[in-house]
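For reference, the chains in residue letters:
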Number of protein chains: 2
Amino acid sequence: MDITLVEVAPRDGLQNEKRAIATADKIELIHRAAAAGARRIEAVSFVHPDLVPQLADAEAVLAGVRGSDEISYAGLVFNDRGLDRAVAAGVHEINVVVVATDTFSRRNQGCDIEEAVARWERLAERAQQAGLWRTVTLAAAFGCPFEGEVPEARVRELIARVAEAGPQEIALADTIGAGTPDRVRRLVTALTELAPEALPRCHFHNTRNTGYANAVAALEAGVRVLDTSIGGIGGCPFAPAATGNIATEDLLYTLDRMGITTGVDIASTIDTARWLGEVLGAPVPALLGRAGVFPDIAVAQAHR
Amino acid sequence: MDITLVEVAPRDGLQNEKRAIATADKIELIHRAAAAGARRIEAVSFVHPDLVPQLADAEAVLAGVRGSDEISYAGLVFNDRGLDRAVAAGVHEINVVVVATDTFSRRNQGCDIEEAVARWERLAERAQQAGLWRTVTLAAAFGCPFEGEVPEARVRELIARVAEAGPQEIALADTIGAGTPDRVRRLVTALTELAPEALPRCHFHNTRNTGYANAVAALEAGVRVLDTSIGGIGGCPFAPAATGNIATEDLLYTLDRMGITTGVDIASTIDTARWLGEVLGAPVPALLGRAGVFPDIAVAQAHR
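Residues numbered from 1 in each chain as written. Chains lettered and ligands numbered in written order. Predicted model: local features only at pLDDT ≥ 70, side-chain atom pairs only at ≥ 80, totals over all residues. Heavy atoms only, no water.

Per an unreviewed UniProt entry, the recorded name for chain A is Hydroxymethylglutaryl-CoA lyase, and the organism is Nocardia terrae.

Below you can see the structure in the form of structure tokens.
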């Protein structure tokens with residue numbers, strides 16, 4: 001089985017950092033991810049710079065990134081102005097977020113669900129005209145930091161609504177790491193039934209040690225596109241206590257051992273995570289860099 | 001669905017600690033686990049005190065633990081002397097380890113696989129006469145820190161061998177956190193087929209962020225007894241880079257959300273993990289204590 005990992009460290013990974021990250025470091029992170037084999041990279045966000053100053057340098061980052069026919073660069077887009085910037089900067093994909101609760105939606109992007117869906121429809125149409133790949137992400141699909149439980153019926157309804165604008169891909173995001181494998185299976189099944197034309201994609205955080213089990217459940221339910229973040233860094237600036245994405249290298253360990261191919265190299269990803277820890281001034285949350293890849297580590301230890 | 005969590009923090013959790021843990025703290029840990037609802041507790045090891053000095057006070061720990069008809073206390077046993085101690089100390093269960101590779105077996109318990117199986121057979125017979133519950137644990141069943149890959153055929157063969165002595169329970173242990181969900185499913189299926197008279201049990205470490213996905217896979221494959229450790233503490237003193245068990249509270253979060261009952265209370269387990277971190281002088285690896293239980297935390301944050 002072959003699946004695609006969307007590398008989100010440059011965007012979701014860095015957006016929550018207190019420390020200012022140099023544009024050159026962001027560019028190097030993207031280059032390192034590409035060199036390790038990532039073929040889809042969520043590189044930037046075209047959110048208003050006042051809201052997420054960490055990501056204000058989207059144009060400079062993209063200008064510094066080497067082009068490649070093999071790599072698709074994505075940017076988050078929230079409104080028309082963001083789409084204008086995305087088109088001008090030359091991204092290949094846009095990712096538009098629709099949050100599954102009104103409270104979180106207002107805090108995250110200043111509008112309720114209805115308005116967010118309407119924006120997505122307008123952006124989808126414009127992005128289609130511009131020839132861009134269109135992903136719509138349903139955030140907080142597994143739970144909301146403000147409203148708590150999110151009814152599955154509402155997520156199903158939202159899937160059907162956003163599918164009408166013809167996205168190539170619909171992502172279910174567990175923004176705060178609240179989901180569990182049973183709900184992942186149910187919602188992924190709903191996604192494939194309600195939006196058969198769209199690729200299903202999932203985005204998990206490991207806030208409560210559920211992220212990797214959820215990723216495995218998503219694969220079992222038919223998902224072939226998963227978001228991961230080198231080092232497991234990340235979080236949402238508008239969601240309290242949101243912590244890191246599932247780590248690219250830690251998921252790769254499981255995938256490699258299960259014979260699921262991604263084209264991404266685990267050893268160079270671990271190297272990049274170590275480098276990223278130095279850039280960020282703190283070790284990354286991922287475990288592979290500490291534990292070592294089995295059985296390589298076993299063989300090394302047996303011979304020492 | 002109702003499952004049993006065997007609380008292993010007092011034994012597997014503490015055996016790898018550098019800092020000396022007072023007997024009184026071990027007793028308090030056991031009492032706290034029992035108060036939270038644990039009904040099976042791996043309380044002590046009857047390993048030779050020179051080999052694992054951290055656990056040398058097994059008799060004193062058990063003497064200090066309040067008896068209860070509802071709680072079964074287990075001790076690890078490696079040889080006849082250990083069984084004598086276990087019987088004298090009044091444990092309800094013994095757990096005998098057979099390691100799946102000769103190299104690790106010699107380092108862990110000073111004998112090869114053949115001799116370990118022979119010891120298990122003798123101990124099983126004696127423990128049966130003494131009226132004790134008998135578990136045999138196949139350690140390193142998912143990988144060895146010294147020999148690397150462990151052939152599944154050998155694990156299946158070992159299951160059949162140790163089943164002959166009539167254990168009530170056979171546990172598959174991923175001592176170094178090398179396993180992945182596919183292998184868990186295959187080996188659990190083999191276990192239920194090859195030893196239909198024995199309860200299947202699993203023991204996972206989260207060394208490479210695979211532990212919780214493995215636990216979910218084990219449940220799906222029919223396992224109803226899982227080892228967990230409060231706070232996710234633990235490791236093996238004879239296996240390099242072995243880190244913590246899956247955490248009781250983190251697995252409980254997933255189980256509670258999936259409607260799988262255990263009788264163990266998550267809030268008091270989180271409290272105990274926090275206390276345990278103070279005793280150990282470092283925060284525990286579990287994530288629930290930091291993230292909070294969803295949706296409780298969401299509701300609390302929405303109202304602040």
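Now that the structure has been shown, the text picks up again.
Structural notes on the interface of chain A and chain B
Here is the rule: Here, two residues are considered to be in contact whenever any of their heavy atoms come within 4.5 Å of each other. By convention, the term buried area covers the 1.4 Å-probe accessible surface removed from two parts as they join, with the contributions of both added. In the sections that follow, a salt bridge refers to a side-chain nitrogen of Lys or Arg positioned within 4 Å of a carboxyl oxygen of Asp or Glu. N or O atoms within 3.5 Å of each other form a polar contact, as long as, within protein, one can give a hydrogen and the other can take it, and as long as residues adjacent in sequence are counted only when both atoms are side-chain atoms. Under the grouping applied here, Gly and all other residues not named as nonpolar or charged are polar, the nonpolar ones being Ala, Val, Leu, Ile, Met, Phe, Trp, Tyr, Cys and Pro and the charged ones Asp, Glu, Lys and Arg.
Facing 42 residues of chain A, the contacting portion of chain B comprises 42 residues. Area buried by chain A at its contact with chain B is led by Arg 208, Asn 209 and Phe 294 of chain A, which between them contribute 20% of it. Where chain A meets chain B, there are 4 salt bridges. The tally of links between chain A and chain B comes to 14 residue pairs in polar contact (both at pLDDT 80 or more). A breakdown of the residues in the side of chain A that touches chain B according to their chemical character gives 23 nonpolar, 11 polar and 8 charged.

Description of the pairing of strand β8 (residues 225–228) of chain A
Residues and elements named next belong to chain A. The cut-off we apply is this: The buried label applies to any residue whose accessible area, calculated with a 1.4 Å probe on protein chains only, is under 20% of its type's maximum; exposed applies above 50%, and partly exposed to all values in between. Secondary structure is summarised from DSSP: a helix means a run of H or I of at least four residues, a strand means a run of E of at least two, and numbering begins at the N terminus for each. The pairing criterion is simple: DSSP has to find at least two bridges between the two strands.
Residues Val 225 and Asp 227 point to one face of β8 and Leu 226 and Thr 228 to the other, with burial holding for every one of them. In this structure, strand β1 (residues 4–7) lies alongside β8, joined through 4 bridges in parallel fashion. Its bridge partner being in β8, Leu 5 is matched across the sheet by Leu 226. Of the pairings in the sheet, the one linking strand β7 (residues 199–204) to β8 comprises 3 bridges and is parallel in character. Residue pairing in the sheet places Arg 201 in a bridge with Val 225 of β8.

Digging into helix α2 (residues 23–36) of chain A
Residues and elements named next belong to chain A. This is how it is decided: One less than the residue count of a helix, multiplied by 1.5 Å, gives the span that helix is expected to have.
Taking 1.5 Å of rise per residue, the 14 residues of α2 would be expected to cover 20 Å, and the 20 Å separating its terminal C-alpha atoms lies within 8% of that figure. Those residues of α2 lying buried are Lys 26, Ile 27, Leu 29, Ile 30, His 31, Ala 33, Ala 34 and Ala 36. Next to the buried residues of α2 lie β1, α1 (9–13), β2 (40–45), α3 (58–64), β3 (72–76) and α11 (266–280). Positive phi appears at Gly 37, one or two residues downstream of α2, with a value of about 120 degrees.

Focus on the nonpolar core
Put simply, the rule is: Here, nonpolar core means buried Ala, Val, Leu, Ile, Met, Phe, Trp, Tyr and Cys residues that are tied together by side-chain atoms lying within 4.5 Å of each other.
Residues Ile 41, Ile 94, Val 98, Leu 172, Phe 204 and Leu 226 of chain A are the most contacted members of the largest nonpolar core, which totals 103 residues. Those residues within four positions of Ile 41 of chain A in sequence are excluded, and the remaining contacts are Glu 7, Pro 10, Ile 30, Ala 33, Ala 34, Ile 71, Ser 72, Tyr 73 and Ala 74 of chain A. Ile 27, Val 97, Leu 132 and Ile 246 of chain B belong to the second largest nonpolar core, which has 102 residues in total.

A word on the side chain of Thr 254 of chain B
Locating Thr 254 of chain B in the fold gives a position in helix α10 (residues 248–257). Judged by its relative accessible area of 5%, Thr 254 of chain B is buried. If we ignore the near neighbours within four places in the chain, the residues touching Thr 254 of chain B are Thr 180, Pro 181 and Thr 210 of chain A together with Val 216 of chain B.

Topic: the pattern of salt bridges
Evaluation of the coordinates by the stated rule reveals 42 salt bridges over all chains. The closest approach of N and O atoms between Arg 40 of chain B and Glu 93 of chain B, which form a salt bridge, is 2.8 Å. With a gap of 53 residues between them, Arg 40 of chain B in strand β2 (residues 40–45) and Glu 93 of chain B in strand β4 (residues 93–99) connect regions that are remote in the sequence. Take Arg 40 of chain B and Glu 93 of chain B: they sit in the same class, and that class is buried. Look at the salt bridges and you will find they share partners, linking Arg 11, Asp 12, Arg 40, Glu 42, Glu 93, Glu 169, Arg 201 and Asp 227 of chain A into a network.

Quick look at the relation of the copies chain A and chain B
As a reminder, the rule being used: Here the copies were fitted onto each other by least squares, based on C-alpha atoms from residues at pLDDT of at least 70 in both.
Note on the identical chains: chain A maps onto chain B by a rotation of 180 degrees and an axial translation of 0.0 Å, with an RMSD of 0.0 Å. The superposition of one copy onto the other is thereby described by a two-fold rotation axis. Considering only C-alpha atoms, the residue of chain A closest to the rotation axis is Ala 213 of chain A, which sits at 1.9 Å. A share of 100% of the interface residues of chain A reappears at the interface of chain B, consistent with the copies meeting face to face through the same patch.

Observations concerning the sheet that holds β3 of chain A
Residue and element names in this part refer to chain A. Keep this limit in mind: Helix axes are fitted to C-alpha atoms over the stretch in contact, other axes to C-alpha atoms as well, and angles between N-to-C directions run from 0 to 180 degrees.
Spatially, 8 strands are ordered β1-β2-β3-β4-β5-β6-β7-β8 in a closed barrel, and the strand pairing comes out parallel. Going across the sheet, the axis of each strand differs from the next one's by a mean of 25 degrees, ignoring polarity. Two elements, β2 and β3, share 5 bridges in a ladder whose sense is parallel. The residue of β3 that forms the bridge with Glu 42 is Ala 74. Packing of helix α8 (residues 181–194) onto the sheet brings it into contact with β6 (169–174) and β7, and relative to β7 it is tilted by some 155 degrees.

Structural notes on the environment of Ala 153 of chain B
Examined against the element boundaries, Ala 153 of chain B turns out to sit in helix α7 (residues 152–163). Sequence separation between Ala 153 of chain B and Leu 187 of chain B is 34 residues, and the spatial gap between their C-alpha atoms is 9.5 Å.

Some remarks on the packing of aromatic side chains
Put simply, the rule reads: To pair, rings of Phe, Tyr and Trp, with the six-membered ring standing in for Trp, must have centres within 6.5 Å; the planes then decide the type, stacked if under 30 degrees apart, edge-to-face if over 60, and tilted in the middle. Distance and angle both matter: a charge sits over a ring if NZ of Lys or CZ of Arg is within 6 Å of the ring centre and within 35 degrees of the ring normal.
Tallied over the entire structure, the rule returns 4 aromatic pairs over all chains. Sitting over the ring of Phe 146 of chain A, Arg 107 of chain A keeps its end group 4.1 Å from the ring centre. Stacked on the ring of Tyr 253 of chain A, the Lys or Arg Arg 208 of chain B has its end atom at 5.8 Å from the ring centre.

Describing helix α10 (residues 248–257) of chain A
Most of α10 of chain A is tucked away: 8 of the 10 residues are buried. Turning to α10 of chain A, its buried residues number three or more, namely Thr 248, Glu 249, Asp 250, Leu 251, Leu 252, Tyr 253, Thr 254 and Leu 255 of chain A. Where α10 of chain A is buried, its residues contact β1, α9 (211–220), β8, α11 and α12 (288–291) of chain A together with α8 (181–194) of chain B. Of the residues trailing α10 of chain A, Gly 259 of chain A is marked for its positive phi of about 75 degrees.

A short note on the sheet that holds strand β3 (residues 72–77) of chain B
Residues and elements named next belong to chain B. Within the closed barrel, the 8 strands sit side by side as β1-β2-β3-β4-β5-β6-β7-β8. Their pairing is parallel. Going across the sheet, the axis of each strand differs from the next one's by a mean of 30 degrees, ignoring polarity. Against the sheet, α8 contacts β6 (169–174) and β7 (199–204), and its axis sits at roughly 155 degrees relative to β7.

Let's talk about the packing of α10 of chain A against α11 of chain A
Residues and elements named next belong to chain A. Going by this rule: By definition in this entry, angles of less than 35 degrees are roughly parallel, angles greater than 145 are roughly antiparallel, angles of 65 to 115 are roughly perpendicular, and the rest are oblique. We call a crossing left-handed when the near helix sits turned anticlockwise from the far one by less than a right angle, and right-handed when that turn is clockwise.
α11 packs onto α10 with a crossing angle of 165 degrees between their chain directions and a minimal axis gap of 9 Å. Classified by the angle between their axes, α10 and α11 sit roughly antiparallel to one another. Read as a crossing pair, α10 and α11 show a hand that is left-handed. Residue-level inspection shows Thr 248, Glu 249, Leu 252, Tyr 253 and Asp 256 of α10 in contact with α11, the latter providing Ile 266, Thr 269, Ile 270 and Ala 273. Across the contact of α10 with α11, the residue classes break down as 5 nonpolar, 2 polar and 2 charged.

Notes on unusual backbone geometry
Excluding glycine, residues mostly carry a negative phi; peptide bonds, for their part, are mostly trans. Residues and elements named next belong to chain A. The omega torsion across Phe 294 and Pro 295 is 5 degrees, close enough to zero to call that bond cis. By the secondary structure assignment, Pro 295 is in the loop between α12 and α13 (296–302). One non-glycine residue, Ala 140, lies in the positive phi region at around 55 degrees.

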